[in-house]
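# Close look at the chain arrangement
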Amino acid sequence: MILLDGKKTSADLKVEIAASVKQLKEQGKKTPHLAAILVGTDGASMTYVNAKVKACELVGFNSTLIDLPEETSEETLLQAIENLNTNNDIDGFIVQLPLPKHIDEQKVLMAINPDKDVDGFHPTNVGRMTLELPSFLPATPFGILELLERYNVETSGKQVVVIGRSHIVGRPMSILMSQKRKAGDATVTVAHSRTKNLKELTLQADIIVAALGIPEFLTGDMVKDGVTIIDVGITRIDDSSKKSGYRLAGDVHFESVAPKSAYITPVPGGVGPMTIAMLMKNTLLACERKA
Ligand code: NAD
């Protein structure tokens, strides 16, 4: 069993991005600048945004955090987005999800200039991704592709089961892995909450991407020997033995699945850190494209 080490791979990626930034600066070119909008005080969202700001510092980007209160109106948020759309110094920006219930998420994502949409959630980027045109790939699927590529995991002609059909993970993952590309060319099945024969499907799979958000859902009896496992799930579970009061659980029951796996991502330290590194990569790309 080989661990697909997202912590190490993302650190390598950040070193590479930092080298590119240094080069840009030496050539007198613009320093990439990422902005993030956070609405409210959700604990997990604050942790993610802070990690993104820290990653910007590490690679030498400029970063701006726009911290808005929970009761911010949709109109105020749309105005903040418009300000970032028209601010020439900002190369890319993200609006941290989920948003408070009174704000229409789709309307907000649609308001982002696709050229600055480094999360890759705007319909223009989703469409371009689907048509295999240059776009911003959503960071989590992009990170999974990068991990598979760097560990030379063979995907061509393999049976892939993606569990989950969300717009940010499952759906794009299934599209990307079915495309003609490195870490692609696979035969992909998308499973979701209405799938009736999941175990039958996962037992056939060479590669399983678990992105459903149910802790330790995929167990050893559901996979075949030699499978590759990508565990996207991150759920906080109360744990009084931890200083934070919680532990992080993936969607895979690691103890029973790992012994049967050829490759497996741990949680934490697998897909999570890759997501942040790919956001940095998209921001660098946005800056280079603008130039
Ligand atoms: P989501 O809630 O939007 O979607 C979950 C999907 O799982 C749905 O499509 C649903 O149909 C499917 N599903 C639910 N129950 C199922 C079942 N019993 N069998 C089969 N399919 C089922 O979730 P999401 O936003 O895609 O996130 C999934 C998980 O990944 C969450 O734990 C989330 O925290 C995590 N996540 C991690 C990262 C990262 O960077 N590592 C990024 C995004 C999301």
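Note: the structure precedes this text.
Since the structure is predicted, the reported quantities are computational estimates derived from the model, not experimental observations. (Residues numbered from 1 in each chain as written. Predicted model: local features only at pLDDT ≥ 70, side-chain atom pairs only at ≥ 80, totals over all residues. Heavy atoms only, no water.)

## Digging into the sheet that holds strand β7 (residues 207-210)
Strand order in the open sheet formed by six strands is β1-β11-β8-β7-β5-β6, and the pairing between neighbours is parallel. A strand with exactly one partner marks an edge of an open sheet, and here the two such strands are β1 (2-3) and β6 (187-191). One ladder, built from five bridges, connects strand β5 (residues 159-163) with β6; its direction is parallel. Its bridge partner being in β6, Val-161 is matched across the sheet by Thr-189. (Pairing = 2+ DSSP bridges. Helix = DSSP H or I, 4+ residues; strand = E, 2+ residues; numbered from the N terminus.)

## As for the site of the ligand
Within the structure, the ligand sits among 20 residues, and Arg-165, Ser-166, Ser-193, Ile-234 and Thr-275 are positioned closest to it. Between a nitrogen atom of the ligand and a main-chain N or O atom of His-192, the distance comes to 3.4 Å. Contact distances for the ligand include 3.0 Å between an oxygen atom and a backbone N or O atom of Ile-234. In isolation the ligand offers 860 Å² of accessible surface; the protein chains occlude 71% of this area. When each cavity is represented as a set of grid points, the ligand is found to reside in the largest pocket. The element best represented in the shell around the ligand is helix α10 (residues 271-290), accounting for three residues. Its residues placed into classes, the shell around the ligand shows 10 nonpolar, nine polar and one charged. (Near = heavy atom within 4 Å. Polar contact = N/O pair within 3.5 Å; in protein donor to acceptor, adjacent residues only side chain to side chain. Areas by Shrake-Rupley, 256 points an atom, 1.4 Å probe, with all protein chains shown as cover. 1 Å grid on protein atoms, 1.4 Å probe; cavity = no way out; pocket = protein on both sides within 12 Å on 5 of 7 lines; lining within 4 Å. Sits in = over half its atoms within 2 Å of the grid points. Nonpolar A, V, L, I, M, F, W, Y, C, P; charged D, E, K, R; others polar.)

## Quick notes on the layout of surface pockets
Quantified by volume, the largest pocket comes out at close to 1,600 Å³. In terms of lining residues, the largest pocket is bounded by 50 residues, among which Tyr-48, Ile-234, Gly-272, Thr-275 and Ile-276 are the most central. Of the residues forming the lining of the largest pocket, the biggest block, 10 residues, is contributed by helix α2 (residues 43-59). Residues belonging to the lining of the largest pocket are distributed by class as follows: 27 nonpolar, 14 polar and nine charged. The space that makes up the second largest pocket amounts to roughly 320 Å³. Along the wall of the second largest pocket there are 18 residues; nearest its centre are Leu-109, Phe-121, Val-126, His-167 and Ile-168. Secondary-structure elements contributing two or more residues to the lining of the second largest pocket are α4 (105-111), α5 (123-130) and α7 (170-178). With four residues, the single largest contributor to the lining of the second largest pocket is α5. Counted by class, the lining of the second largest pocket contains 11 nonpolar, five polar and two charged residues. (Points joined across faces, edges and corners; volume = space filled by probe spheres on them.)

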